[in-house]
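# Topology and contacts: notes
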2 protein chains.
Amino acid sequence: MIVYAVGIGPGDPEHMTPQAKHMIADSDVVVGYTMYLNLIPDLLRGKTIVGTGMKGELARCEAALAEARSGKKVAVISSGDAGIYGMASLLFELAENDPQIIVEVVPGITAATAAASLMGAPLSNDFVVISLSDQLTPWATIEKRLEAAGLGDFVLCLYNPRSKARKDYLNRACHILLKHKPLQTWCGYVRNALRGNRAYGICMLRDLPDVEIDMLTTVIIGNADTRRIGNHLVTSRGYLIATQEVEEAR
Amino acid sequence: MIVYAVGIGPGDPEHMTPQAKHMIADSDVVVGYTMYLNLIPDLLRGKTIVGTGMKGELARCEAALAEARSGKKVAVISSGDAGIYGMASLLFELAENDPQIIVEVVPGITAATAAASLMGAPLSNDFVVISLSDQLTPWATIEKRLEAAGLGDFVLCLYNPRSKARKDYLNRACHILLKHKPLQTWCGYVRNALRGNRAYGICMLRDLPDVEIDMLTTVIIGNADTRRIGNHLVTSRGYLIATQEVEEAR
């Protein structure tokens, strides 16, 4: 009995892998958060659909496992990559003591790379991914990670940067990062990356707290090697500096 | 004049996005490292091919821009994601002073998520990506980032963990991480993720230096929430703990 944990990517079929489509097509039952099921209507025809609202993660995964135990082939979909803040880990945990169930993860384009591709190439060197949601991770842990990200001069990609219940979290994160990064650090934000009605912008770290940013926005904060080229953010990998050094040494 | 920086994913066509295929199909010229061009022979028929060996990044991107200036449509391919240790950033830098050239990035499944999907779900919470190659980044910077990753209790994904010229870099990285992480920290490694003849294994951090690992291997090092479930590595997001707390409070 197999449960597929499928990453459908940002939502646009142009960015969904063939394997993700094939695994959904091969399933009798498709389980997911209603908003993400609505992104792939063509793939759901003739399937049993189990949709739940926000915060229904546990119920969703338990329902998926129950369907699998009854002999159905099941796909549990996540937006982006199923293994990055997605449902894959919870499925493994819930199936831990059930040797009949095999969980297989199908990767997808995650929001970090989708957002980065629209901004230019901000993630071209070492980076960290941090979610600012403290529903499952204590805020003290998130603060510790923001501090560490600042110390290491990483480029940061922030998921869940702000919600109605957590209006000031992004501001708090900026406050911590400004201990380590200059006010002029380049940042980018994308809402609904690679879907319709997307919003995209570039600003400096000092202005990031004042930008209109919500839960569906992905924020990328540059490092010392990140600069603005036209409307793009680019983190240099150092090829041109390395070349220059060789030329100067001649 | 457009140059597409295309991420072809790990190499298997099942994990290449439709957009990546379409942008290559739409191009007259395809430019890339020979090893990656060899992964997509079906997509190259009838195209002009510009292939270079390792360390030919600068020559490759300059050739691509020259082809674009001559009026050709050009795709520069990278394995994985074009924006993560790929060619996108260098293309933006080289085209900076040429307003005729537009660089467009097409994201792909990066090695971090491809490797993670085979291991289980090790990247399900905050993580860092670090390359251990010091060809462009000074080793002192890499060490600083490894320290920071340890301090923040991040899951780590390591690219370029070891090469013939850098036999001891992975060992040095483990030495730094062991200041912050226990010997029993779970790790996974995948060579040629999602391609043929792949090798995959799980071990503890204390044993990682002794594992046969090369430049094409991706290594993931867990954090305090990462455990082994069967043959998989799973980093808990905390759903089950959160549920338990609610039940205990009743």
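Residues numbered from 1 in each chain as written. Chains lettered and ligands numbered in written order. Predicted model: local features only at pLDDT ≥ 70, side-chain atom pairs only at ≥ 80, totals over all residues. Heavy atoms only, no water.

### Remarks on the sheet that holds strand S4 (residues 74–78) of chain A
Residues and elements named next belong to chain A. Read from one edge of the open sheet, 5 strands run S3-S2-S4-S1-S5, paired in parallel fashion. One side of each edge strand has no neighbouring strand; the edge strands of this open sheet are strand S3 (48–52) and strand S5 (102–106). Across the sheet, the mean angle separating the axes of adjacent strands is 20° when strand polarity is ignored. The pairing of strand S1 (residues 2–7) with S5 spans 5 bridges and is classified as parallel. (Pairing = 2+ DSSP bridges. Helix = DSSP H or I, 4+ residues; strand = E, 2+ residues; numbered from the N terminus. Axes fitted to C-alpha atoms, helices over the stretch in contact; angles between N-to-C directions.)

### Here we look at the state of the cysteines
Here a disulfide denotes one covalent bond, and it connects the sulfur atoms of two cysteines. Residue and element names in this part refer to chain A. According to the stated counting rule, one finds 0 disulfides over all chains in the structure shown. There is no disulfide at Cys 203, and the cysteine sulfur nearest it, in Cys 187, is 5.1 Å away. The exposure class assigned to Cys 203 is buried, which follows from its relative accessible area of 10%. (Disulfide = S-S within 2.5 Å. Buried < 20%, exposed > 50% of the residue type's maximum accessible area, 1.4 Å probe, protein only.)

### Concerning the relation of the copies chain B and chain A
Between the two copies, chain B and chain A, the superposition gives an RMSD of 0.0 Å; the rotation angle is 180° and the shift along the axis is 0.0 Å. The two molecules are tied by a two-fold rotation axis, judged by turn and shift. Proximity to the rotation axis, assessed at the C-alpha, singles out Val 128 of chain B in chain B; its C-alpha lies 2.1 Å from the axis. Both copies contact each other with a shared surface, as 100% of the interface residues of chain B are interface residues in chain A too. (Least-squares fit on C-alpha atoms with pLDDT ≥ 70 in both. Contact = heavy atoms within 4.5 Å.)

### A look at the pairing of S1 of chain A
Residue and element names in this part refer to chain A. With 5 of 6 residues buried, S1 is to be regarded as a mostly interior element. Here S1 pairs with S4 via 5 bridges, running parallel. Looking across to S4, one finds that Val 3 is bridged to Val 74.

### Considerations on the domain arrangement of chain A
Residue and element names in this part refer to chain A. In terms of domain boundaries, chain A breaks down into domain 1 (2–109) and domain 2 (112–235). Relative to domain 2, the C-alpha centre of domain 1 lies at a distance of 28 Å. The interface is formed by 12 residues belonging to domain 1 together with 12 residues belonging to domain 2. Residue composition of the side of domain 1 that touches domain 2, by class: 8 nonpolar, 2 polar and 2 charged. (Domains from an automatic or database assignment. Nonpolar A, V, L, I, M, F, W, Y, C, P; charged D, E, K, R; others polar.)

### Things to note about unusual backbone geometry
Residues other than glycine predominantly adopt negative phi, and peptide bonds predominantly adopt the trans conformation. Although it is not a glycine, Tyr 85 of chain A adopts a positive phi angle of roughly 50°. Within the secondary structure layout, Tyr 85 of chain A lies in the loop between S4 and helix H4 (88–94).

### Here's the deal with the packing of helix H6 (residues 139–151) of chain B against helix H7 (residues 169–177) of chain B
Residue and element names in this part refer to chain B. Closest axis-to-axis distance for the H6/H7 pair is 9 Å, and the angle between their directions is 40°. Relative to H7, H6 is oriented oblique. Crossing geometry of H6 relative to H7 is assigned as right-handed. Contact residues: H6 offers Trp 139, Glu 143, Leu 146, Glu 147 and Gly 150, while H7 offers Tyr 169, Arg 172, Ala 173, Ile 176 and Leu 177. (Parallel < 35°, antiparallel > 145°, perpendicular 65-115°, else oblique. Left-handed = near helix turned anticlockwise from the far one by under 90°.)

### A short note on the nonpolar core
Ranked by size, the top nonpolar core spans 52 residues in total, and within it Ile 130 and Leu 208 of chain A together with Ile 130 and Leu 208 of chain B carry the most contacts. In contact with Leu 208 of chain B, not counting residues within four places along its chain, are Leu 170, Cys 174, Cys 187, Tyr 189, Cys 203, Ile 213, Val 219 and Ile 221 of chain B. Formed by 38 residues, the second largest nonpolar core is a distinct cluster that contains Ala 112 of chain A together with Tyr 85, Met 119 and Val 129 of chain B. (Core = buried A, V, L, I, M, F, W, Y, C linked by side-chain atoms within 4.5 Å.)

### Focus: the packing of aromatic side chains
Any two aromatic rings considered together are summarised by their centre-to-centre distance and by the angle between their planes. Using the criterion set out here, one finds 6 aromatic pairs over all chains in the structure. With 4.6 Å between their ring centres and 50° between their planes, Trp 139 of chain B and Tyr 169 of chain B make a pair best called tilted. Separated by 30 residues along the polypeptide, Trp 139 of chain B in helix H6 and Tyr 169 of chain B in helix H7 bring together distant segments of the chain. One exposure class covers both Trp 139 of chain B and Tyr 169 of chain B, and it is buried. Lying across the ring of Phe 154 of chain A, Arg 145 of chain B places its NZ or CZ 5.8 Å from the centre. (Phe/Tyr/Trp six-rings, centres within 6.5 Å; stacked < 30°, edge-to-face > 60°. Lys NZ or Arg CZ within 6 Å of the ring centre and 35° of its normal.)

### Looking at the side chain of Asp 81 of chain B
When you line up the elements, Asp 81 of chain B lands in the loop between strand S4 (74–78) and helix H4 (88–94). The charged side chain of Asp 81 of chain B is buried without a salt bridge, its nearest counter-charge being Arg 237 of chain A at 10 Å. A distance of 3.1 Å separates the side chain of Asp 81 of chain B from the backbone nitrogen of Gly 108 of chain B, its partner in a polar contact. Not counting residues within four places of it along the chain, the set of residues in contact with Asp 81 of chain B comprises Thr 113 of chain A together with Gly 7, Gly 86, Pro 107, Gly 108, Ile 109 and Thr 110 of chain B. (Lys, Arg positive; Asp, Glu negative; His and termini not counted. Salt bridge = Lys/Arg side-chain N within 4 Å of Asp/Glu carboxyl O. Polar contact = N/O pair within 3.5 Å; in protein donor to acceptor, adjacent residues only side chain to side chain.)

### Details of the interface of chain B and chain A
Between chain B and chain A, the residue contacts involve 65 residues of the former and 65 residues of the latter. For the pairing of chain B and chain A, the buried interface totals around 6100 Å² over both sides, and the portion due to carbon and sulfur atoms is 62%. Ranking the residues of chain B by area buried against chain A places Leu 136, Arg 145 and Tyr 239 of chain B at the top, with a combined share of 12%. At the junction of chain B with chain A, the criterion picks out 4 salt bridges. Its salt-bridge partner being Arg 227 of chain B, residue Glu 96 of chain A comes within 2.8 Å of it at the nearest N-O pair. Sorting elements by how many residues they give to the side of chain B that touches chain A places H4 of chain B first, with 6 residues. (Buried area = accessible area lost by both parts, 1.4 Å probe.)

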